[in-house]
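Examining the three-dimensional arrangement
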Amino acid sequence: MHIPKAPDYTLPEFWVKFPDTDNLHTPTQKADVFFVHGTVLHSKTDVYYDPYDEVQRKLPLRPRMTHAGAYEKTCRIFQPHYRQVAMEAHLHGWDVVRDYYKIPFEDVKNAYYHFKETWNKDKPLILAGNSQGSFVVLALMKYLAAKNELPKNLVAAYLIGASVTQKDLDEMGMHLCQSPTDLNCVIVYNTLAKGGTKGFTIFPDALCVNPLSWKNTEEIADKSLHLGFMETKEDGTQFIHEHATNAWVDKKHGAVIVDIYDLETAPPREHFPKGDLHSYNYPLFFKNIEANVEERVNAYLAKTQKN
């Protein structure tokens, strides 16, 4: 099995998204986000993404816009290239994949430490990811908690598309976010179409937060709260669809359920169960995430200024 050379995070070219020189030294946004994208590599031969391969390096550019972009209004975005695990390698089963994840964990850990010590320092911080990226950020947070190094300037962690359990939270000494302005907490969810019961990244005892209400309760959040589904065409053109869906937490299945799709209308995706809207976790709630990041960072700033 070929393992590519590790990235050098002192060099800007090993960051998918990186502030320009002016914003790096004189920040214009209120906070920083350390964002780790989800799985972009599809390969039956390569287990790991190669951050030195010019063709592969283009793969994270789309999620830079469609996922990380939800943080850009409020945060400087630091999104590392990392030796992630290819989609097809995940089909070997999670026991095998856990071993594969040691490589992406090392990269993300190294990227985080360089980012924290060199650029973020005490600026309000969000840790975030999507899918594989969220699982790796979760592992990073557990590692930091064990060393008593969870950042004191953490606003919240948006671990979207991963599975987080109460045991995980206890291990980190954190809690599930329970309101739009709750701080030092974890936001996590996976989305299923109405009638869906299984998700590729939904594990037993998975917790979730409703991204319309930012609560863990099971009441239906009305579509009037839905600020916008961000649809992105192949050419990069984007359209916003407001008030497109109701959403509610299904604690039995560990997911957020939406009624914009049902089992028959949900867009299919190879390797994923019917009704699993994994690819839509960010786009469906893009504008709600964008607004909540700003609201939560403002709450953090208000609290710290009082103190």
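For the structure, check the block above.
Remarks on the sheet that holds strand 4 (residues 125-130)
The mixed open sheet is built from seven strands, whose spatial order is 1-3-2-4-5-7-6. One side of each edge strand has no neighbouring strand; the edge strands of this open sheet are strand 1 (15-17) and strand 6 (175-176). Note: strand 4 against strand 5 (residues 154-160), six bridges, orientation parallel. If you follow G129 over to strand 5, its bridge partner there is L159.

Examining the layout of surface pockets
In this structure, the largest pocket encloses a volume near 890 Å³. Contributing to the lining of the largest pocket are 37 residues, with R62, T66, H67, R269 and S279 lying nearest its centre. Elements with a minimum of two residues in the lining of the largest pocket: helix 2 (61-66), helix 5 (132-146) and strand 9 (229-232). The leading source of residues in the lining of the largest pocket is strand 9, at four residues. Of the residues in the lining of the largest pocket, the class split is 17 nonpolar, 14 polar and six charged. Considering the residues around the second largest pocket, the lining is formed by W94, R98, Y101, F105, F135, V136, L138, A139, K142, S163, D168 and F203. Among the elements of the structure, helix 3 (94-100) and helix 5 are those that each provide at least two residues to the lining of the second largest pocket.

Things to note about the state of the cysteines
This structure, assessed with the given rule, holds one disulfide. The disulfide bridge from C177 ends at C185, spanning 2.0 Å between sulfur atoms. Because the sign of the S-S torsion sets the handedness, a value of about 90 degrees for the bond joining C177 and C185 places this disulfide among the right-handed ones. Just as C177 is buried, C185 falls in that class too.

Comments concerning the packing of aromatic side chains
Here the structure, examined in full by the defined rule, presents 26 aromatic pairs. Pairing F18 with W119 gives two aromatic rings, centres 4.9 Å apart and planes at 80 degrees, and the pair type is edge-to-face. One end of the pair, F18, is in the loop between strand 1 and helix 1 (21-25); the other, W119, is in helix 4 (residues 102-120), with 101 residues separating them in the sequence. The buried category is assigned to W119, whose relative accessible area is 16%. Through a chain of ring-to-ring contacts, three or more aromatic side chains come together here, namely Y9, W15, F18, F34, F78, Y112, Y113, F115 and W119. Taking the ring centre of F14 as reference, the NZ or CZ of R57 above it sits at 5.8 Å.

Analysis parameters
Residues numbered from 1 in each chain as written. Predicted model: local features only at pLDDT ≥ 70, side-chain atom pairs only at ≥ 80, totals over all residues. Heavy atoms only, no water. Pairing = 2+ DSSP bridges. Helix = DSSP H or I, 4+ residues; strand = E, 2+ residues; numbered from the N terminus. 1 Å grid on protein atoms, 1.4 Å probe; cavity = no way out; pocket = protein on both sides within 12 Å on 5 of 7 lines; lining within 4 Å. Points joined across faces, edges and corners; volume = space filled by probe spheres on them. Nonpolar A, V, L, I, M, F, W, Y, C, P; charged D, E, K, R; others polar. Disulfide = S-S within 2.5 Å. Buried < 20%, exposed > 50% of the residue type's maximum accessible area, 1.4 Å probe, protein only. Phe/Tyr/Trp six-rings, centres within 6.5 Å; stacked < 30°, edge-to-face > 60°. Lys NZ or Arg CZ within 6 Å of the ring centre and 35° of its normal.

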